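# Reading the structure
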Amino acid sequence: FLFFWKILPSSNHQRSDVEEQSGHREQRASPARLPFGKKQLPPIPKNAAPITKPASTGTPAQSANGTHASYGPFYLEYSLLAEFTLVIKQKLPGIYVQPSYKSALMWFGVIFIRHGLYQDGVFKFTVYIPDNYPDGECPKLVFDIPVFHPLVDPVSGELDVRRAFNKWRRNHNHIWQVLMYARTVFYKINTTEPLNPEAAVLYEKDVQLFKSKVVDSVKLCNSHLFDQPKIDDPYAISFSPWNPAVHEEAKERMFTYKRRPEDHHKGTQVSGLSWVKPGSTQPFSKDDSPPQS
Amino acid sequence: MASMVANGNQDGQSLVLKGVDPETCMIVFKNHWAQVVKILEKHDPLRSSSTLPSLSMINHSAGSSGGPRFGPIPGDEASAVQNYVEHMLFLLIEEGSGQAGAMGPILEFVVMENVMERLFVWSLRREFTDDMKLEQLKMYEMLVGQAHQPLLHHKPILRPLMMLLSSCSGTVAPQVEGELVLLLNQLCCVLAKDPSILELFFHTSEDQGATNFLIFSLLIPFIHREGTVGQQARDALLLIMSLSAENNRVAKHIAENTYFCPVLATGLSGLYSSLPTKLEVPNEEWHCLHKEDWLQMPSLVQFLNSLEFCNAVIQVAHPDIRDQLVSYIYNGFLVPVLAPALHKLTLEEVMTTTAYLDLFLRTVSEPALLQTFLSFILLHRHDSVHILDTLVSRINTPFQLGTVSLALFRTLIGLYCEDVMLQLILRYLIPCNHMMLSQRRVVGERDCYSVSTAKILALTPSCCSPDHSPPPLRQLDSILFSKGAETPSNTSTTEENDSFLEEDDGLGNSCTIGSEIYLDVSYLHYLYDARLSISSCIRACQVWSARYDGEDPPPEKYQPGVLEEPGLKKPPSITQMELEWDDSYDACPVQTDEAPVESKSAQQPPAELPKHIQEMRKTAIMLVKGSYIEENEFQDDVMVYNLVAKKDSRDVERGRLKSNRSESEETQPGSAEVALQNGLNFNSHLQITTTAESGDDLLAQYEELIRTLDTEAVKKPNADLKTPVTPAEEEEEEEDEMDFTSFSAETPEPEKLQSPFGSKFVSGSAGRSHSAPFTGPFVSVLLSRLENMPSNSLHVNLLLTGILAKLAAYPQPLLRSFLLNTNLVFQPTVRSLYQVLAIVKNQIEEQAATRKDFPELITAAQHWLLARETSFVAAGDDAGRMLKSSPPPKLRAISLDRTEVFAAVLFTEFLKELAAIAQEHSILSYIPMED
């Protein structure tokens, strides 16, 4: 959740009203969350009471590598969590994502374009990750509103990601790269094999018209910024106009948090010990170690 | 006066006085005093009120003779004085200070007329009995505690007080002691509130010709006292200690002119000597002193009180005092007392000392004091052997010493102390010799796709597969992974296929967002626990000096031997031999028909073995043979015989090993025998080879023997083992060229392009040590005990797995990759946790295959463990390890002696625990910390 707090300072000059509405509710509901950007295993839906399966059901379910199949979802979940921490680590400029509440395979995102042809564009998108990740296809990235761009499908809003990752390879390809790619296409226009031939042709033949179409597209996107999220999900990203009653406190907390980063460690009095002088591999090599004899 | 004090302020006099105007009080006070003076002067040989004899002289002589010198004072006069004084004191107590903090008139009068001093002298005239002292102490206690204005600033009040106090020094009457300490405690409270009085206390002492800080000196004898008196004295001393932190004079005085620190430290030694040298151990499962244990032992309670006091002093006192105390504890307690106690001759005594040491480590919290204990353990040598090495070697000892030693290491590891971890494990990993050269870059790699987790879980023995557990134990089926919160799952739908959810955005972009898959619920608990323990470990280790990631510190940096202090370096062979001595115990019952082992080792003890190790070994051997009876206190015969019996039966199972070994042994000269027996541990044999002084010929035979033993021992498992153990298999096939070139430069994962066997082609690895790769005695002893999981008792296995899980939670990439990265390619001589786990799995599979009732036993053991867990939860203990569930139905009885069954269940849970830790590492260790 904190990850979202970080949006504010960087997007202030654009719209300082990014607020993830349901986030607060969620946080209050589950105060045990650690303040990392880590998403935990989803809470158990209240209405999904434990089901007791008949004891006889099923044959031993062994997956290919010999592990019990019941662990499969854990592997997937943690692979995606690992991807998410990588995204955080990359600190991609102007890009923010958040896995959905319902599925770790669906991430909501928004990208802020700060200069270039698409300057001031704020594009919301959704990343769909195949459920056989990381061994499946490349993840899909679909803009909520089809941006006027050679590589964006004018109907579905899907970005042509596959051209960059024509085969998705575990260990080499990561979701942050897809996000990075999504950002790159707005700064460096590529017109080969376009999904939107009109845009490609205009860019090649009539840049001025292309530019004005882009401006219109940016305007259109931004005019829908306060719309309800396309997908109904508690973690969907939604924007609302700046409202001090709602946002001021959150903003305040963000800045105080930044100033006192040790705060959230209080209460858990775990402290390690070390008398090793940095650069030494000798125990008790620190100078302030009192003499023993 | 006593009655006055006893009635104190409850008799309402103060209320009466409230209404009386100060002038009247003053008049009354003066009148009383005039009456008192009349009596005093009557008995004053000098008949003078203006010239007092030197008080210190009087004090001195009165103190020594204690008798009346001017004839008895009539009783009526004495009681008259007492009555007057009672009233006067009340008036003084009730008087408030004047304007702007000036003295009230009564106090001023008291000071001018030197009332208190004259009264003290008067009491000296009379017989200065304990009762008198008691009365005077109570009088001052009341004055100090209840007066409305500060009194101690005035010398005429302070001086007689100090004289009184010093006259009480060396007193033996318990009543007087109690009152004295109470008054001292009160004075310290006043001092703590108003340090300005401190100077006066010093000056007053000097006036008396004493350089000591009287209050302090008087308290010292009570430091180690038990009961209220001791506690009050220690509290009072602590107040002075915290005073010393801000007052250099006090600190200097205490450090240079008092015996405070030596008394404190040597007191520990004294109290330690009164502890039982042998603990009566309640049962076999016992492995450390819990609170309920030591509360039953008054001498231990007293020791811990003093230790806690030392801890508190170190916490609050001036650094000079702290350093001095710490040094005295090291040189006055740890080295001369604890070190020899750790090397006593019997297993029980050593076991007891180890349990004490563990308790002490858990009691001490102040870093400086912990450091003292830890540097004693890590750096001190007893008989030229590091304490740490000795302790590590004992993990493998039979019986409770091994278990208690394990518990001690659990405590040590739980300290998150870099120095400890460095000496125990990390220093062996820093050079990165334990892995193939090419693998160094893999050290820091994260397991993005839970590959290691899957491989660890894949070791789950088939008999313990979740599918084989009947419903109450099988928790596979009670949670839904489905994320479709809106669509309430139909409980009657058990077909997994039915419950796929499709999310459609209306444009044909759909994604499967999770199917209703049944999960192992207990695994969620393990994940949660893993998360907690890793994140607290990460936090704790932020104070460490290095990351231990294979680059910091650089692998070249650690050159074993170079770091040893010059001149103190010991031949490595000693360590090795000594570490393995206990294996001879393993070997000894085998030689049933040969000469008795003890006589053999007595004939030709290897010269290098330190004496204590030899003694211990003898003891252990005798214990095993059942011939060992120590004094009258040895009550464990039954247990010993049981163990011997168990041992024998196991040895029968190891029939082939036995014959193989004894055959070879017959051909070996005696001196090599120990080494031979020790060499059973594959991991260590290379180490021995490099250091042993025997001829090549012998070595060759020996190695050959080891090889045969080893292959023999793992013969069966080997076939299955090959598959999971070979790490290369997991490596991916050659990948296509990266086509998204713009990212290639930024790709953070460094492992690409590196073949796992790259080291074969890398020549001349500079700076690498030539010694055989070795991950240190601690790791190898842990792993070798783990390897015996099926024959270990349940509690030993709980301890072992607990320790390994704790180690696995450490975030340092070197340690994490060594324990959890199943893809890392190690040097052939290095045993990894994963290999050992695979061996254990195969042992379990083998046993399960040979016993028809194994599944039934497994279920019984699961229920037993579940019930145990439930009882812990009920007792308020931490919930955790094992799954919780409804009370078990009718159970098949299972004896704890079925160690292999319990081991199978525990092993399965341990795999989950490790897998969860590995999985959480892949997330937590990479969360960027806020700068």
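From a predicted model like this one, the values you see are computed outputs, not experimental measurements.

Moving on, we get to the overall build of chain A. Helix and strand counts for chain A stand at eight helices and five strands. Moving toward the C terminus, one meets the helices and strands of chain A in the order α-α-α-α-β-β-β-β-β-α-α-α-α. By residue count, 54% of the 293 residues in chain A fall in the buried class. Counting contacts in chain A only where the partners sit at least 6 residues apart, residues at least 24 apart contribute 59% of the total.

This brings us to the overall build of chain B. For chain B, the count of helices and strands is 43 helices and four strands. Among the 931 residues that make up chain B, the fraction classed as buried is 58%. Put simply, 80% of the contacts in chain B that link residues at least 6 apart link residues at least 24 apart. Carbon and sulfur atoms provide 53% of the accessible area of chain B, an area that totals close to 38,200 Å².

So, on to the sheet that holds strand β4 (residues 140-143) of chain A. Sheet strands line up and pair through hydrogen bonds in the backbone, either parallel or antiparallel. All names here are of chain A. Sheet architecture is open: five strands sit in the order β1-β2-β3-β4-β5, paired in antiparallel fashion. For this open sheet the edge positions go to β1 (95-99) and β5 (158-159), each flanked by a neighbour on one side alone. As paired elements, strand β3 (residues 122-128) and β4 share four bridges and run antiparallel to each other. Bridging from a neighbouring strand, Y128 pairs with K140 of β4.

For the coordinates displayed, the defined rule picks out 22 salt bridges over all chains. A salt bridge links E249 of chain A to R253 of chain A, with the shortest nitrogen-to-oxygen separation between them at 3.5 Å. Placement of both E249 of chain A and R253 of chain A in helix α8 (residues 244-259) is noted, with a separation of four residues, approximately one turn of the helix. Using a relative accessible area of 30% as the deciding quantity, one classes R253 of chain A as partly exposed. For E787 of chain B, the salt bridge goes to R831 of chain B, with nearest N and O atoms at 2.5 Å. Separated by 44 residues along the polypeptide, E787 of chain B in helix α38 (residues 777-787) and R831 of chain B in the loop between α40 (813-820) and α41 (833-850) bring together distant segments of the chain. What makes R831 of chain B buried here is its relative accessible area of 11%.

With that settled, the discussion passes to the packing of helix α23 (residues 418-429) of chain B against α40 of chain B. Residues and elements named next belong to chain B. One can describe the packing of α23 onto α40 by two numbers: an axis separation of 9 Å at closest approach and a directional angle of 75 degrees. Classed by the angle they form, the pair α23 and α40 counts as roughly perpendicular. Residues M421, I425, L426 and L429 of α23 form the contact with α40, whose own contacting residues are L814, L815 and F818. For the contact of α23 with α40, the per-class residue count stands at seven nonpolar, no polar and no charged.

The next subject is the packing of aromatic side chains. By the definition in use, this model includes 37 aromatic pairs over all chains. A connected cluster of aromatic rings, assembled from ring pairs, spans Y118, F123, F125, F143 and F186 of chain A.

This paragraph deals with the nonpolar core. In this structure, L165, F260, F360 and F778 of chain B are the most contacted members of the largest nonpolar core, which totals 297 residues. Element by element, the count of residues in this core is highest for helix α43 (residues 899-924) of chain B, at 15 residues. Beyond its immediate sequence surroundings of up to four residues, F360 of chain B is in contact with Y272, L275, L300, F303, L304, L307, F333, L338 and F373 of chain B. Core analysis: the second largest hydrophobic core is formed by 13 residues, Y96, Y128, L225 and I237 of chain A among them.

Turning our eyes to something else, we now look at the environment of V442 of chain B. Mapped onto the elements, V442 of chain B comes out in the loop between α23 and α24 (451-457). Every residue in contact with V442 of chain B, bar those within four places of it in the chain, is listed here: N821 and L824 of chain B.

Here we come to the UniProt feature "domain: FHF complex subunit HOOK-interacting protein C-terminal" (unreviewed entry) in chain B. In the numbering used here, UniProt assigns the feature "domain: FHF complex subunit HOOK-interacting protein C-terminal" (unreviewed entry) to residues 775-866 of chain B. As annotated, residues 775-866 of chain B has a helix share of 71% and a strand share of 0%, and its two end C-alpha atoms lie 36 Å apart.

The element β3 of chain A is extensively covered by neighbouring structure, given that seven of its seven residues are classed as buried. Neither face of β3 of chain A is open: one carries V122, K124, T126 and Y128 of chain A, the other F123, F125 and V127 of chain A, and all of them are buried.

Let's shift gears to the confidence of the model for chain B. Residue and element names in this part refer to chain B. Here chain B averages 71 in pLDDT, and 62% of its residues register 70 or above. Counting interchain partners and residues more than four positions distant, the pLDDT-below-50 stretch residues 1-16 has 19 contacts. When the criterion is pLDDT under 50, residues 474-516 qualifies, and its contacts beyond four places in sequence or with other chains add up to 110 contacts. Interface scoring of the predicted complex returns ipTM 0.76; its pTM is 0.71.

Residue and element names in this part refer to chain B. With 14 residues, helix α15 (residues 260-273) extends 20 Å from end C-alpha to end C-alpha; this agrees with the ideal 20 Å at 1.5 Å per step. α15 sits mainly inside the fold: ten of its 14 residues count as buried. Within α15 the residues assigned to the buried category are F260, C261, P262, L264, A265, G267, L268, S269, L271 and Y272. Lining the buried residues of α15 we find α12 (214-219), α13 (227-246), α14 (248-257), α17 (298-316), α18 (319-342) and α19 (347-363).

This part covers unusual backbone geometry. The linkage connecting Y133 of chain A with the following residue, P134 of chain A, adopts the cis geometry, with an omega of 5 degrees. Backbone torsion omega between D552 of chain B and P553 of chain B reads 0 degrees, so that peptide bond is classified as cis. Tracing the backbone shows P553 of chain B in the loop between α25 (521-540) and α26 (572-580). The backbone phi angle of N171 of chain A is positive, close to 75 degrees, even though this residue is not glycine.

Positionally, T801 of chain B belongs in helix α39 (residues 794-808). From its side chain, T801 of chain B meets the backbone oxygen of N797 of chain B in a polar contact 2.7 Å long.

Here the focus is helix α5 (residues 75-94) of chain B. In this model, α5 of chain B (20 residues) spans 29 Å end to end at C-alpha, consistent with the 28 Å of a helix rising 1.5 Å per residue. Inspection of α5 of chain B places E77, A78, V81, V85, E86, M88, L89, F90, L91, L92, I93 and E94 of chain B among the buried residues, and these make up the whole buried set.

Residue and element names in this part refer to chain B. The interhelical angle for the contact between α5 and helix α7 (residues 115-125), taken along N-to-C directions, is 155 degrees, at an axis separation of 13 Å. With respect to α7, the axis of α5 lies roughly antiparallel. Here the hand of the crossing between α5 and α7 comes out left-handed. The segment α5 lies against α7, with A78, V81, V85 and M88 engaging V115, L119 and W122.

Here we take up the pairing of β1 of chain A. Residues and elements named next belong to chain A. Within β1, five of the five residues are buried, which leaves the element mostly enclosed by the surrounding structure. Residue alternation in β1 divides its side chains into two sets, I95, V97 and P99 and Y96 and Q98, and both sets are buried. Looking at chain direction, β1 and strand β2 (residues 106-112) are connected through five bridges and run antiparallel. Paired with Y96 across the two strands is V110, which belongs to β2. A loop of six residues connects β1 with β2, the two strands running antiparallel in sequence.

When you line up the elements, S452 of chain B lands in helix α24. Sequence separation between S452 of chain B and L914 of chain B is 462 residues; the distance between their C-alpha atoms is 9.7 Å.

On to the state of the cysteines. Under the criterion given, the structure shown has zero disulfides over all chains. Not part of a disulfide, C417 of chain B finds its nearest cysteine sulfur in C541 of chain B, a span of 9.8 Å.

Rules behind the numbers
Residues numbered from 1 in each chain as written. Chains lettered and ligands numbered in written order. Predicted model: local features only at pLDDT ≥ 70, side-chain atom pairs only at ≥ 80, totals over all residues. Heavy atoms only, no water. Helix = DSSP H or I, 4+ residues; strand = E, 2+ residues; numbered from the N terminus. Buried < 20%, exposed > 50% of the residue type's maximum accessible area, 1.4 Å probe, protein only. Contact = heavy atoms within 4.5 Å. Areas by Shrake-Rupley, 256 points an atom, 1.4 Å probe, with all protein chains shown as cover. Pairing = 2+ DSSP bridges. Salt bridge = Lys/Arg side-chain N within 4 Å of Asp/Glu carboxyl O. Axes fitted to C-alpha atoms, helices over the stretch in contact; angles between N-to-C directions. Parallel < 35°, antiparallel > 145°, perpendicular 65-115°, else oblique. Nonpolar A, V, L, I, M, F, W, Y, C, P; charged D, E, K, R; others polar. Phe/Tyr/Trp six-rings, centres within 6.5 Å; stacked < 30°, edge-to-face > 60°. Core = buried A, V, L, I, M, F, W, Y, C linked by side-chain atoms within 4.5 Å. UniProt positions renumbered as here; feature names shortened; annotations may be inferred. pLDDT = per-residue confidence, 0-100. Expected span 1.5 Å × (residues − 1). Polar contact = N/O pair within 3.5 Å; in protein donor to acceptor, adjacent residues only side chain to side chain. Left-handed = near helix turned anticlockwise from the far one by under 90°. Disulfide = S-S within 2.5 Å.

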